[in-house]
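# Descriptive structure summary
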Amino acid sequence: MSKLHRPLGTLSDDADPVRLTPDTAGWRYSGLRVLSLGPGETRILHTGEFEAFVLPLSGSATVRVDGEVFELRGRDSVFTRVTDFAYVPRDAEVELSTKDGLEVALPMARCTRRLSPKYGPAEDVPVEVRGAGQATRQVTNFGVPGVWDHADKLNACELITPDGNWSSYPPHKHDEATECEVVNEEIYYFRIAGRDGVTPSREGFGLHRTYTADGELDEDVAVRDHDVFLIPRGFHGPCVAAPGYPMYYLNVLAGPAEERSMAFCDDPAHGWVRDTWAAQDLDPRCPVTSHEGRVQ
């Protein structure tokens, strides 16, 4: 089995789908937890040396941290709405509670600075339509530099790829400090919609590719709902949504740079594809969602 592809069930031995730390990933900075809370349940978390976002995947949440209370409206699924979220600092006790049930992601990064908690309203989250033609996708930039600057190391964004389309393309990398890239460890956390295009399901699938120029890494895998793929280095892309099954993924990035950045370099063999987009129409299915709900 691939050491980079972590299917559902390999990153947790309880009801929580994902428990990934830098140590279990084999690197230094990036991590991810995905928690499931039943109706009326409360969970206490200790962030330790990690800062994190509290990002509802389905359901609503109340977040209590450092004497502050944030009410997160959330969403029915990642395919129905752009959600509000919260930032929680390192060395904090965080109480999560829910009235009707909650599935929540906590993208996290090992950091040194302790910042204050902060609420991120859904209406302030930019939604970008990137690419063109069959490479059209939605990028929800909730936790990226220049949009959300209240973090020490942590970067995160969401992608929705309509069924049949390609994203994370052209293939790109960020494993060196060069003129066009910075070093970041990246996590892909996938959700795949079922036949209704809205409800996540293990029935559907997508494809993901990661490789290095020297061929030491060369992986093409089928990914399903709740799967994780780790990017320690090398070019990654495309992510392909199989026809009939829209694809969502949460990207979590962190690295050693003093200033947060998501800069990358395209694979020079395929970067020319970007130049063709100007002559192509956007896929009318994008954007898929906004803070008000589904657009289509």
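Our subject is the structure that appears above.
To start, this report covers the structure provided alongside it. (Residues numbered from 1 in each chain as written. Predicted model: local features only at pLDDT ≥ 70, side-chain atom pairs only at ≥ 80, totals over all residues. Heavy atoms only, no water.)

## Topic: the state of the cysteines
Here the structure, examined in full by the defined rule, presents 1 disulfide. Free of any disulfide, Cys-157 has its nearest cysteine sulfur in Cys-239, 11 Å distant. Residue classification places Cys-239 among the buried positions, given a relative accessible area of 0%. (Disulfide = S-S within 2.5 Å. Buried < 20%, exposed > 50% of the residue type's maximum accessible area, 1.4 Å probe, protein only.)

## Focus: the sheet that holds strand S12 (residues 137-143)
Sheet architecture is open: 7 strands sit in the order S1-S19-S16-S21-S13-S12-S11, paired in antiparallel fashion. Edge strands, defined here as strands with exactly one partner in the open sheet, are strand S1 (5-6) and strand S11 (127-130). Across 2 bridges, the pairing between S1 and strand S19 (residues 228-231) is antiparallel. From the neighbouring strand, Arg-6 faces S19, where its bridge partner is Val-228. (Pairing = 2+ DSSP bridges. Helix = DSSP H or I, 4+ residues; strand = E, 2+ residues; numbered from the N terminus.)

## Concerning the packing of aromatic side chains
Scanning all chains against the criterion turns up 14 aromatic pairs. With centroids separated by 6.1 Å and ring planes inclined at 70 degrees, the aromatic side chains of Phe-53 and Tyr-87 adopt a geometry described as edge-to-face. With Phe-53 in strand S5 (residues 50-65) and Tyr-87 in strand S7 (residues 85-88), this pair connects stretches of sequence that are 34 residues apart. Grouping residues by exposure puts Phe-53 and Tyr-87 together as buried. When the centroid spacing of 6.4 Å and the interplanar angle of 40 degrees are considered together, the rings of Phe-205 and Tyr-245 count as tilted. (Phe/Tyr/Trp six-rings, centres within 6.5 Å; stacked < 30°, edge-to-face > 60°.)

Interpretation note: all reported values are geometric properties and have no functional meaning in isolation.
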